[in-house]
Amino acid sequence: MGTVLHTVAIVGLGLIGSSIARGARTYGLADRVVAVDRDEAVLDRVRALGIADLATSSLADGVTEADLVILCVPVGAIGAVAAELAPHLKPGAILSDVGSVKGSVVAAAASHLKPENPFVPAHPVAGTEYSGPDSGFATLFQNRWCIITPPEGVDDGAVATVTAFWEGLGAIVETMTPEHHDLVLAITSHVPHLIAYNIVGTAADLETVTQSEVIKFSAGGFRDFTRIAASDPTMWRDVFLTNKEAVLEMLGRFNEDLSALTKAIRWGDGDALFELFTRTRAIRKGIVAMGQETAEPDFGRARLDAKSD
Ligand code: NAP
């Protein structure tokens, strides 16, 4: 990275915020890392983990000296947090975020900022199903995409700073409009999470198969959905409330395709099933080839027998 920032302030020290704090330290991206969180228990963990130079619950104190402020709170809270901190930003300080939805979130935050504070929204496409400051790690963003959605006319220097910061964390940066981001993420992330939440919910409500059978025989495929369905309820509630249009559009397509599959099964159309399953296998190979997944069997899980070594 070209420039080392003097102070970066991170608001919300959960999985993503604490990973950025750790990465900023590990890769030398800022002289000073400030952690801001509303929760004293989170701040105590941040101090114990030693991942920030200052840990405070005061937004005003936390952001006042920052060159770059990154909002790592749930998307439903980004607008309100931006409104509260905006008067305390120094001239030229850049505001960014990591929200999983961009359109409505960008609009909610941008309206509160003074013209001398550029807003460069970002979304690292990396995560796990865990939450909180203990779940973060410095290498979370290595070789993962980070999408930035700079508003028209925003300062080029600010875009370059945010790009360099994410590259410093090991990410590959791509730029797109907020609207396109929300469509792409609706199909690659939001609808898959909805499907996982739905199938796990359906299994939990069945009367003909017991809960213990569902758990016992979960290695048949169900288990892989439960990992996604264990994701943070606040974060995902906010994603579906704020990316409503794009998710509904993709769900419309999904429901049509599911109906076609239902018909193929009902009519014994093996060719249609085989053709689809062959195409989907190729997509998986493409993801592995791009380094976004491991080719190891069973998602690279350690074998049970290896665990006891
Ligand atoms: P997380 O682990 O649950 O952490 C969120 C943090 O924000 C917590 O410290 C939380 O404090 C704080 N917070 C919640 N509501 C707040 C409010 N109204 N005002 C101030 N602070 C508040 O969540 P995360 O997974 O890091 O997600 C954070 C952001 O990253 C979200 O916008 C999400 O869309 C985005 N993101 C997540 C992933 C992922 O896979 N997890 C990937 C990419 C981007 P409390 O403990 O008090 O609630």
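In the nomenclature of an unreviewed UniProt entry, the protein chain corresponds to prephenate dehydrogenase from the organism Methylobacterium brachythecii. The annotation that UniProt attaches to the protein chain under Pathway (unreviewed entry) is "Amino-acid biosynthesis; L-tyrosine biosynthesis; (4-hydroxyphenyl)pyruvate from prephenate (NAD(+) route): step 1/1." The Catalytic activity (unreviewed entry) comment attached to the protein chain in UniProt states, word for word, "prephenate + NAD(+) = 3-(4-hydroxyphenyl)pyruvate + CO2 + NADH".

(A) Broad picture of helix α4 (residues 75–85). All of the buried residues along α4 are Val75, Ile78, Gly79, Val81, Ala82 and Leu85. Against β1 (5–11), α3 (59–63), β4 (68–71), β5 (94–97), α5 (103–110) and α10 (233–242) lie the buried residues of α4.

(B) Main features of the packing of α4 against α5. Taken N-terminus to C-terminus, the directions of α4 and α5 make an angle of 15 degrees; their axes are 7 Å apart at the nearest point. Taken together, the axes of α4 and α5 lie roughly parallel to each other. Note on packing geometry: the crossing formed by α4 with α5 is right-handed. Between α4 and α5, the contacting residues are Val75, Ile78, Gly79 and Ala82 on the first element and Val105, Ala108 and Ala109 on the second. Residues that form the contact of α4 with α5 fall into these classes: six nonpolar, one polar and no charged.

Reading the values: rules and limits
- Residues numbered from 1 in each chain as written.
- Predicted model: local features only at pLDDT ≥ 70, side-chain atom pairs only at ≥ 80, totals over all residues.
- Heavy atoms only, no water.
- UniProt positions renumbered as here; feature names shortened; annotations may be inferred.
- Buried < 20%, exposed > 50% of the residue type's maximum accessible area, 1.4 Å probe, protein only.
- Helix = DSSP H or I, 4+ residues; strand = E, 2+ residues; numbered from the N terminus.
- Contact = heavy atoms within 4.5 Å.
- Axes fitted to C-alpha atoms, helices over the stretch in contact; angles between N-to-C directions.
- Parallel < 35°, antiparallel > 145°, perpendicular 65-115°, else oblique.
- Left-handed = near helix turned anticlockwise from the far one by under 90°.
- Nonpolar A, V, L, I, M, F, W, Y, C, P; charged D, E, K, R; others polar.

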